[in-house]
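Below are the chains, spelled out letter by letter.
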Amino acid sequence: AQKVTQAQTEISVVEKEDVTLDCVYETRDTTYYLFWYKQPPSGELVFLIRRNSFDEQNEISGRYSWNFQKSTSSFNFTITASQVVDSAVYFCALSDDKSGNTPLVFGKGTRLSVIA
Amino acid sequence: DTEVTQTPKHLVMGMTNKKSLKCEQHMGHRAMYWYKQKAKKPPELMFVYSYEKLSINESVPSRFSPECPNSSLLNLHLHALQPEDSALYLCASSFRLAGGPYEQFFGPGTRLTVL
């Protein structure tokens with residue numbers, strides 16, 4: 001069975017601080033895909049990253065970086081020098097079916113508040 | 001065009017009304033999705049269409065009826081809803097299903113209130 005755990009329900013930081021959002025996943029498949037989405041107050045989910053299980057390279061995109069560690073089944077997301085516009089709910093998600101018949105499994109989300 | 005549009009943005013309806021939600025994308029995506037999201041919860045998948053055919057129905061009550069008239073358009077017809085159906089309804093699309101899963105692109109959602 002697939003499961004995604006985002007243990008941090010809410011995080012509050014002061015602007016310019018770095019913040020890491022944790023994501024731990026469970027799957028029995030050797031091939032799987034992990035995603036991060038951002039949901040600002042407007043409601044739309046914004047795709048941030050897709051990573052497959054064979055690619056353990058960490059990724060950096062501007063102030064965002066992702067640390068994928070298969071040994072600990074974690075796919076953590078770090079925002080460097082946070083800004084007020086980063087305030088949102090962030091979801092980690094997992095899918096392990098290349099046929100597409102298994103939908104995305106979302107974690108419960110982490111609400112990030114960045115205070116000016 | 002790299003977006004998914006949804007109309008209306010807000011909808012208030014009574015339990016005896018019939019209404020429809022509309023979703024449109026022009027990215028050439030062949031998989032389209034409906035999700036329901038309650039406050040402070042993650043999105044829950046309702047339906048998946050692949051190449052205009054219903055691929056997944058997550059045991060959704062028949063008062064929700066999806067329709068995919070063409071590859072760009074996805075509708076959700078609502079009839080005899082209950083107050084507990086009040087939620088944000090999100091539409092998404094992705095490149096396709098097989099060979100994926102591919103990242104899904106979401107619309108802004110329709111915030112539905114059932115009185």
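Our subject is the structure that appears above.
Because the structure is predicted, anything quoted here is derived from the model rather than measured.

Rules and cut-offs
Residues numbered from 1 in each chain as written. Chains lettered and ligands numbered in written order. Predicted model: local features only at pLDDT ≥ 70, side-chain atom pairs only at ≥ 80, totals over all residues. Heavy atoms only, no water. Helix = DSSP H or I, 4+ residues; strand = E, 2+ residues; numbered from the N terminus. Rg over C-alpha atoms; globule rule 2.2 N^0.38 Å. Buried < 20%, exposed > 50% of the residue type's maximum accessible area, 1.4 Å probe, protein only. Contact = heavy atoms within 4.5 Å. Areas by Shrake-Rupley, 256 points an atom, 1.4 Å probe, with all protein chains shown as cover. Lys, Arg positive; Asp, Glu negative; His and termini not counted. Charge placed at Lys NZ, Arg CZ, Asp CG, Glu CD. Salt bridge = Lys/Arg side-chain N within 4 Å of Asp/Glu carboxyl O. Disulfide = S-S within 2.5 Å.

Visitor: Tell me what's going on with the overall build of chain B, and back it up with residues and numbers.
Guide: In terms of helices and strands, chain B carries zero helices and eleven strands. When the helices and strands of chain B are placed in sequence order, the string is β-β-β-β-β-β-β-β-β-β-β. Radius of gyration (C-alpha) of chain B: 13 Å, near the 13 Å computed for a compact globule of 115 residues. Along the first, second and third principal axes, the C-alpha set of chain B runs to 40 × 25 × 25 Å. Buried positions account for 49% of the 115 residues belonging to chain B. Contacts spanning at least 24 positions in sequence make up 55% of the contacts within chain B whose residues lie at least 6 apart. Here chain B displays about 5,400 Å² of accessible surface, and carbon together with sulfur accounts for 51% of that area. Computed over 13 positive and 10 negative side-chain charges, the inter-centroid distance for chain B is 5 Å.

Visitor: So what about the pattern of salt bridges? Which residues, and what values?
Guide: Residue and element names in this part refer to chain A. This model, assessed by the stated rule, comprises eight salt bridges over all chains. With a shortest N-O distance of 2.8 Å, Asp86 and Arg63 are connected by a salt bridge. One end of the pair, Asp86, is in the loop between strand 9 (74-79) and strand 10 (88-95); the other, Arg63, is in the loop between strand 7 (59-61) and strand 8 (64-69), with 23 residues separating them in the sequence. Among the residues examined, Asp86 registers a relative accessible area of 1% and is labelled buried.

Visitor: Before we move on, could you go through the state of the cysteines and cite the residues and values that matter?
Guide: Residues and elements named next belong to chain A. Applying the stated rule across the entire model yields two disulfides over all chains. Note that Cys23 is cross-linked by a disulfide to Cys92, the S-S spacing being 1.9 Å. Every disulfide takes its handedness from the sign of the S-S torsion; for Cys23 and Cys92 that torsion is -65 degrees, giving left-handed. Separated by 69 residues along the polypeptide, Cys23 in the loop between strand 3 (19-21) and strand 4 (24-26) and Cys92 in strand 10 bring together distant segments of the chain.

Visitor: How would you explain the environment of Pro103(A) if you had to name every residue and give the values?
Guide: Tracing the chain through its elements places Pro103(A) in the loop between strand 10 and strand 11 (105-106). The partly exposed category is assigned to Pro103(A), whose relative accessible area is 22%. Separated by 16 residues in the primary sequence, Pro103(A) and Ser87(A) have C-alpha atoms spaced 27 Å apart. Setting aside chain neighbours within four positions, we find Pro103(A) in contact with Leu94(A), Ser95(A), Leu45(B), Ile56(B) and Glu58(B).

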